[in-house]
Number of protein chains: 2
Amino acid sequence: MKSITLAHGNGGEENGRLIEELFYRHFQNKILHQAEDAAVIGKGALAFTTDSFTVTPLFFKGGDIGKLSICGTCNDLAMMGAKPKYLTCAVIIEEGFEISALEKIVLSMKYELEKNGAIIVSGDTKVVPKGSVDKLFINTTGIGEIRYKGISANALSLDDVIIVSGSIGRHGASIFLEREGMEFSTALESDCRSLWPVVEKLIEADIDIKAMRDATRGGVAAVLNEWARQSDICIEVEEEKVPISREVKGVCELLGFEAFSLANEGTFILAVSAQDAPKALELLRSIEASSMAEIIGEVTTGYPQKVLLKTPYGTSRFLELPSGELLPRIC
Amino acid sequence: MKSITLAHGNGGEENGRLIEELFYRHFQNKILHQAEDAAVIGKGALAFTTDSFTVTPLFFKGGDIGKLSICGTCNDLAMMGAKPKYLTCAVIIEEGFEISALEKIVLSMKYELEKNGAIIVSGDTKVVPKGSVDKLFINTTGIGEIRYKGISANALSLDDVIIVSGSIGRHGASIFLEREGMEFSTALESDCRSLWPVVEKLIEADIDIKAMRDATRGGVAAVLNEWARQSDICIEVEEEKVPISREVKGVCELLGFEAFSLANEGTFILAVSAQDAPKALELLRSIEASSMAEIIGEVTTGYPQKVLLKTPYGTSRFLELPSGELLPRIC
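Cut-offs and rules
Here, residues in each chain are numbered from 1, in the same order as that chain's written sequence. Both sets of labels track the order of writing: A upward for chains, 1 upward for ligands. Local features in this predicted model are restricted to residues of pLDDT 70 or higher, and side-chain atom pairs are both shown and tallied only at a pLDDT of 80 or more, whereas totals for entire chains, interfaces and linings draw on every residue. In computing side-chain properties, one takes all heavy atoms of the structure into account and sets aside hydrogens as well as water. Domain limits in this description derive from either an automatic procedure or a database domain assignment. Any two residues whose heavy atoms approach within 4.5 Å are treated as being in contact. Defined here as a combined quantity, buried area equals the accessible surface (1.4 Å probe) lost by two parts on assembly, summed across both. Any Lys or Arg side-chain nitrogen located within 4 Å of an Asp or Glu carboxyl oxygen qualifies as a salt bridge. Side-chain atoms alone can form a polar contact between residues adjacent in sequence; in general such a contact is a pair of N or O atoms within 3.5 Å, and within protein one must be able to donate a hydrogen while the other accepts it. Numbering goes from the N terminus for both helices and strands, where a helix is a DSSP run of H or I of at least four residues and a strand is a run of E of at least two. Asp, Glu, Lys and Arg are counted as charged, while Ala, Val, Leu, Ile, Met, Phe, Trp, Tyr, Cys and Pro are counted as nonpolar; the rest, among them Gly, fall into the polar class. To superpose the copies, least squares is applied to the C-alpha atoms of every residue with a pLDDT of at least 70 in both. At least two bridges found by DSSP between two strands are what make those strands a pair. All axes here are fitted lines through C-alpha atoms, helices being fitted over the stretch that makes contact, and every angle between N-to-C directions spans 0 to 180 degrees. Any angle between 65 and 115 degrees counts as roughly perpendicular, while under 35 counts as roughly parallel, over 145 as roughly antiparallel, and the rest as oblique. A clockwise turn of the near helix away from the far one marks a right-handed crossing, whereas an anticlockwise turn of less than a right angle marks a left-handed crossing.

Colleague: Describe the domain arrangement of chain A, naming the residues involved and giving the relevant values.
Modeller: Residues and elements named next belong to chain A. By domain assignment, chain A separates into domain 1 (31-146) and domain 2 (161-318). Computed over C-alpha atoms only, the centres of domain 1 and domain 2 are separated by 23 Å. Facing the 26 residues of domain 1 at the interface are 24 residues of domain 2. Where domain 1 abuts domain 2, roughly 2000 Å² becomes buried across the two surfaces, and 55% of that area is made up of carbon and sulfur atoms. Interface area lost by domain 1 to domain 2 is led by Lys 61, Asn 75 and Met 79, which between them contribute 32%. At the boundary of domain 1 and domain 2, one finds two salt bridges. For Glu 36, the salt bridge identified is with Arg 213, shortest N-O distance 3.7 Å. Across the domain 1-domain 2 interface, the total number found is twelve residue pairs in polar contact (both at pLDDT 80 or more). Those elements that place two or more of their residues in the side of domain 1 that touches domain 2 are strand 3 (59-60), helix 3 (65-78), strand 5 (82-94) and helix 4 (99-116). A total of seven residues in the side of domain 1 that touches domain 2 trace back to one element, the largest contributor, which is helix 3. Residues that form the side of domain 1 that touches domain 2 fall into these classes: eleven nonpolar, seven polar and eight charged.

Colleague: Break down the relation of the copies chain B and chain A for me, with residues and values.
Modeller: Of the two same-sequence chains, chain B is brought onto chain A (RMSD 0.0 Å, axial shift 0.0 Å) by a rotation of 180°. Taken together, these values place the two copies in the relation of a two-fold axis. Closest to the rotation axis within chain B is the C-alpha of B:Val133, separated from it by 2.2 Å. When you check the interface residues of chain B against chain A, 100% turn up at the interface there too, and the contact is symmetric in its surfaces.

Colleague: Outline the sheet that holds strand 7 (residues 136-146) of chain B, supporting the account with residue identities and numerical values.
Modeller: Residue and element names in this part refer to chain B. Strand order in the open sheet formed by five strands is 1-2-7-5-6, with mixed pairing between adjacent strands. Only two strands of the sheet have a single neighbouring strand rather than two, namely strand 1 (39-41) and strand 6 (119-128). When strand polarity is set aside, the average angle formed by the axes of neighbouring strands in this sheet is 20°. Strand direction decides the pairing type here: strand 5 (residues 82-94) and strand 7, joined by eleven bridges, are antiparallel. Across the sheet, the residue bridging to Val 91 is Ile 138, located in strand 7.

Colleague: Provide a residue-level description of the packing of helix 3 of chain A against helix 4 of chain A, including the pertinent values.
Modeller: A packed helix pair is summarised by two numbers, namely the angle formed by the two axes and the spacing between the axes. Residues and elements named next belong to chain A. With their axes 7 Å apart at the nearest point, helix 3 and helix 4 run at an angle of 30° to one another. Classified by the interaxial angle, the pair formed by helix 3 and helix 4 is roughly parallel. The chirality of how helix 3 crosses helix 4 is right-handed. Between helix 3 and helix 4, the contacting residues are Ile 65, Gly 66, Lys 67, Ser 69, Ile 70, Cys 71 and Cys 74 on the first element and Ile 105, Ser 108, Met 109, Glu 112, Leu 113 and Asn 116 on the second. Looking at side-chain class alone, the contact of helix 3 with helix 4 contains seven nonpolar, four polar and two charged residues.

Colleague: Give me the lowdown on the interface of chain B and chain A, citing residues and values where you can.
Modeller: The interface of chain B with chain A comprises 74 residues on the first partner and 74 residues on the second. At the boundary of chain B with chain A, total buried surface from both sides reaches about 6300 Å², with 70% on carbon and sulfur atoms. Counting across the interface, chain B meets chain A through six salt bridges. Counting across the chain B and chain A interface gives 27 residue pairs in polar contact (both at pLDDT 80 or more). Residue assignment for the side of chain B that touches chain A shows that the elements contributing at least two residues are helix 1 (13-26), helix 2 (30-33), strand 1, strand 2 (46-53), strand 5, helix 4 (99-116), strand 6 and strand 7 of chain B. Among the elements that make up the side of chain B that touches chain A, the one with the highest residue count is strand 6 of chain B (ten residues). Looking at the side of chain B that touches chain A residue by residue, the classes come out as 39 nonpolar, 22 polar and 13 charged.

Written out as structure tokens, the structure is:
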């Protein structure tokens, strides 16, 4: 492969290979190689993460690029057990962009920052000529205070239980519909949401958390496969336990998508020790943001580094790391 | 003004107004309002800053977007007296971009990181379809350990001495020539360079530093005007003392640019107490990166919040905060 393809940004197989072979190889250091949602620095006290947002359309059902840019970065911190504290915000704006639209986006950011108890402390504003960028890209980079240590994609072990916080694939499916102008008069909207308030409750309840990850690009399939590989374990999932809304199922059937590979922006996967699973589930269900939480599977020694999807009929298949183009510009 | 113009990204008047009226207004908090090169967080222990790089062309005399993306962010930390430590790196790549060019850029970053003793600890890779971005944008966000406290654009006071570390306008002028394909067979190249090694020596020598800033977008004119406004003082500069290379002078004369408004990427302005000025100058001149350093002016009570350029003929003029389109995409 001599040039970059859309698949290199899919959150799956090709994306992982590019990161591994180019960025990890040249920038190598222990922290980077942990390959977590956020880097752990400062003797384990701080989490540090970055994300650039290129979503199109800028405004969508359930959110906009501003809300997404705060949720995305704050959620990466929350997923490491860190309270979002300080963010930077760098915007690249196309000449001619409406200032009123920019203000709407900034106000979404402000509103979402408040939910996280975080503030923007530094920024950068670039304006580029028409044609150099499609309307607006936003980078947010965040620092969080780690409140629960040891959460890691490398920390899963036998009998850990896998929980999903809500119904999957809503962000990817709804962005797709918006973009294609498919007016389904559907209730489907993005799950875009800040997760720190939920995570804070899990920590306060002293749940034995092994790993957490918001299932963004590459969806649930990417998260589970990365965990299986990094922890060298097998994850077995009961397919019918995974909550998928009627609307997302419809989009998948119509267009041949796999719900497990569709992006989420406010739905996360949680691995906890078996004895804490009932307590974690009960707690999650008591919170509106995760009221649809379900136990979907567990860690076994079945097929190391693999994710097995089991049907109620006794058959099973491997859930692979997503590959190919998927949907570009969903985040 | 209803829509964003190139002037909104000029590092000068309009840029400042947009930041003030939109971002500061809605994101308001004490740290952000300091309006320094980097935010000071963690009880004064850490500096935190972000920059997105959209420079075109990607490769230029004296550097490339990779080198620039490390220098830019590490220099913002250094200018706050902070040792660059941890960086994030988020790339937005256009589909079809050559992987060999990307690797060259990554290697430039690696090389420049080593000069700062900093590492990339977290990243993000987005690929967008053709036409959504012009080739490649890079965001770097950095955390530095503050080694010298109290450096601030608000800290200048009467009789402080203003020093420039080298000849001005080289980055802006050389990017302009490259972009226009003007083959002057000139020796002019960007001053793009990491400044931490120089700053470290100033700190070790216990120089009484008041303010430091790399004169990037908006050039020396922007830095001096911001200092004059933020510290509510007058800065008087002896115009003929300011080092400007023959090549930069030529570009300015030919094209009607003001060298004071042209961007620098490795040249900085330093304000020190009068009694430490000779020592600071001697030290800077002993280092290759700042061997052309000059004392160019001082803080007075002449015209509060103004910058006065004085000629050897006894005349003078105000050096204004740059306004208008200037050169887009120089960093």
